[in-house]
Amino acid sequence: MRQQQAQSRSDQIHAFRAELSALEREGVTAPSADWRQRVEAHHQSLLRGLADDYDVDVSGRQKQLSLGMRIASFLGALALSAALFFFFLRFWGGLATPVQVVVLIAVPLLATMGVEFAARRERTLYFASLTALVAFAAFVLDLRMLGAIFNITPSPNAFLVWGAFALLLAYGYGLRLLLVAGLTCIMGWLAASVGTWSGVYWLSFGERPEQLLFAGAVAAAAGMVSHHWRPEFAGIYRVYGLLVVFIAILILANWGAISYLSLANETIEQLYQTLGFILAGLTIWLGIRRRWPGVVNLGATFFVLYLYTKLFDWWWDWLPKYLFFLLLGLIAIGLLLILRKLHTAGGEVTA
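Calculation rules
- Residues numbered from 1 in each chain as written.
- Predicted model: local features only at pLDDT ≥ 70, side-chain atom pairs only at ≥ 80, totals over all residues.
- Heavy atoms only, no water.
- Patch = residues over 30% accessible without salt bridge, like charges linked within 9 Å, V, L, I, M, F, W, Y side chains within 5 Å.
- Areas by Shrake-Rupley, 256 points an atom, 1.4 Å probe, with all protein chains shown as cover.
- Salt bridge = Lys/Arg side-chain N within 4 Å of Asp/Glu carboxyl O.
- Helix = DSSP H or I, 4+ residues; strand = E, 2+ residues; numbered from the N terminus.
- Buried < 20%, exposed > 50% of the residue type's maximum accessible area, 1.4 Å probe, protein only.
- Lys, Arg positive; Asp, Glu negative; His and termini not counted.
- Polar contact = N/O pair within 3.5 Å; in protein donor to acceptor, adjacent residues only side chain to side chain.
- Contact = heavy atoms within 4.5 Å.
- Core = buried A, V, L, I, M, F, W, Y, C linked by side-chain atoms within 4.5 Å.
- Phe/Tyr/Trp six-rings, centres within 6.5 Å; stacked < 30°, edge-to-face > 60°.
- Lys NZ or Arg CZ within 6 Å of the ring centre and 35° of its normal.
- Expected span 1.5 Å × (residues − 1).
- Arc of directions from axis to C-beta.
- Axes fitted to C-alpha atoms, helices over the stretch in contact; angles between N-to-C directions.
- Parallel < 35°, antiparallel > 145°, perpendicular 65-115°, else oblique.
- Nonpolar A, V, L, I, M, F, W, Y, C, P; charged D, E, K, R; others polar.

### Details of a nonpolar patch on the surface
Together, Leu 67, Ile 71, Phe 74, Leu 75, Leu 78 and Leu 177 give the surface a local cluster of nonpolar side chains, amounting to about 540 Å² of exposed area. Ranked by the residues each element gives to the nonpolar patch, the list is headed by helix α3 (residues 60-91), at five residues. Tracing the backbone through its elements, the reader meets Leu 177 in helix α7 (residues 176-197).

### Quick notes on the side chain of Lys 310
With respect to the helices, strands and loops of the structure, Lys 310 is situated in helix α11 (residues 293-315). One buried charged residue, Lys 310, forms no salt bridge at all, with the nearest opposite charge on Asp 313 at 5.1 Å. A distance of 2.5 Å separates the side chain of Lys 310 from the side chain of Gln 273, its partner in a polar contact. When near neighbours in sequence (up to four residues on either side) are disregarded, Lys 310 contacts Gln 273 and Phe 277.

### Some remarks on the pattern of salt bridges
Counted by the stated rule, this structure contains five salt bridges. The residue Arg 36 makes a salt bridge to Glu 24 at a minimum N-O spacing of 2.3 Å. Within this pair, whereas Arg 36 is found in helix α2 (residues 33-54), its partner Glu 24 is found in helix α1 (residues 3-25), the two being separated by 12 residues in sequence. Assessed through its relative accessible area of 25%, Arg 36 is described here as partly exposed. With relative accessibility at 31%, the residue Glu 24 sits in the partly exposed group.

### Details of the nonpolar core
With 43 residues, the main nonpolar core has Phe 136, Leu 178 and Leu 179 as its most contacted residues. With 10 residues, the single largest contributor to this core is α7. The next biggest cluster of nonpolar side chains, apart from the first, holds 18 residues, and it includes Phe 246, Ala 253, Tyr 272 and Tyr 306.

### A word on unusual backbone geometry
We note that Asn 151 has phi near 55 degrees; this positive angle belongs to a residue other than glycine. Mapped onto the elements of the fold, Asn 151 is located in the loop between α5 (126-149) and α6 (157-173). Take Asn 151: its relative accessible area is 70%, and that puts it in the exposed class. One non-glycine residue with positive phi stands out, namely Arg 291, at about 60 degrees. In this structure, Arg 291 sits in the loop between α10 (265-290) and α11.

### Quick word on the packing of aromatic side chains
The tally for this structure, following the rule as stated, stands at 12 aromatic pairs. Relative to Phe 86, the ring of Phe 85 has its centre 5.2 Å away and its plane inclined at 75 degrees; by these criteria the two rings are edge-to-face. Aromatic ring contacts, followed pair by pair, group Phe 246, Phe 277, Phe 302, Phe 303 and Tyr 306 into a single cluster. The lysine or arginine in question, Arg 208, covers the ring of Tyr 260, its NZ or CZ lying 4.9 Å from the ring centre.

### Considering α2
Along an α-helix, a turn takes 3.6 residues, which lines up residues three or four apart on a common side. The terminal C-alpha atoms of α2 lie 31 Å apart, and with 22 residues this matches the ideal 32 Å at 1.5 Å per residue to within 8%. Regarding α2, the residues found buried are Val 39, His 43, Leu 47 and Leu 50. Relative to the axis of α2, the buried residues are bounded by an arc of 70 degrees and lie together on one face. Facing away from the buried side of α2, by more than 90 degrees, are the exposed residues Ala 33, Gln 37, Arg 38, Arg 48, Asp 52 and Asp 53.

### Some points on helix α4 (residues 97-121)
The terminal C-alpha atoms of α4 lie 37 Å apart, and with 25 residues this matches the ideal 36 Å at 1.5 Å per residue to within 8%. For α4, the set of buried residues is Gln 100, Val 101, Leu 104, Pro 108, Ala 111, Val 115 and Ala 118. Among the structural elements, α3, α5 and α6 are those in contact with the buried residues of α4.

### Some details on the packing of α4 against α6
Contact geometry of α4 with α6 gives a least axis separation of 12 Å together with a crossing angle of 10 degrees. Looking at the two axes, α4 sits roughly parallel to α6. Across from Thr 112, Val 115, Glu 116 and Ala 119 in α4, the residues of α6 making contact are Phe 165, Leu 169 and Tyr 173. A per-class count over the contact of α4 with α6 returns five nonpolar, one polar and one charged.

And the structure:
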């Protein structure tokens, strides 16, 4: 059992207790007092074991504190990474080149060793996550500094190396934030590589959103297959990849001039607007069919966003503002009714 699975079991126990209490208040009693006592004793023993073995949250107060610890871990990692950057900026010029190289090699290695040390002593991985983010920031900074020292020509392959390092940490210790960082770097490498193949300078890959379409589609497709090692990562691949795809389509649907397509700007925008509606609808359908609530929510959000963007193009210039917003509100109510019917027809969507 992983820590996340242990936390899910603890939540199920508390949900069962709450439902059992609600049933008793409604007049539906347990089979017997002895049965209730045996179930309660079993749950107490199980919760103690989960708390001892996996350090899970067994109360609402602990859940609130855990959220605060995650936020503190992230902010601490940002602060330490900034401290590392400004330390290099302050003292770097006074070090000899051999010393600079030794420092650049040693810092990410020591930080990675710190991740292992923290992970062995803390099952919740708050300190491991903090140290891993610092290690990743140090690795990114070190490659840039080494490139400057030895006058290495910049290339998109740096994104690939950074992404591989982040993914190794993410999969090695089950760190979701490092997974997002790794996916960002890998998608940046894919987009830059596609831009290079098409004749665009790789640092300009952000000016052509169609390159991000390809990178996001690859990440989303990776989330559709089974993840035996880290099954909890599959949802991040799906949602993050589709998010990049939807954002790229939204940009192209409003600024057709930056597309690779040799068509009129208005035609390109209409093409991507249609593609956005179709893809958002398919995403909602797939999420309901496969019971992926995150995918359903993402598809519904961008469907509404595409719709509102199109309505703005159609009506904003000639409708009175009060009537424009009234129509938006009525459309939102209509969409709410449709989605409610889909929710009822499709049954409960589970995680």
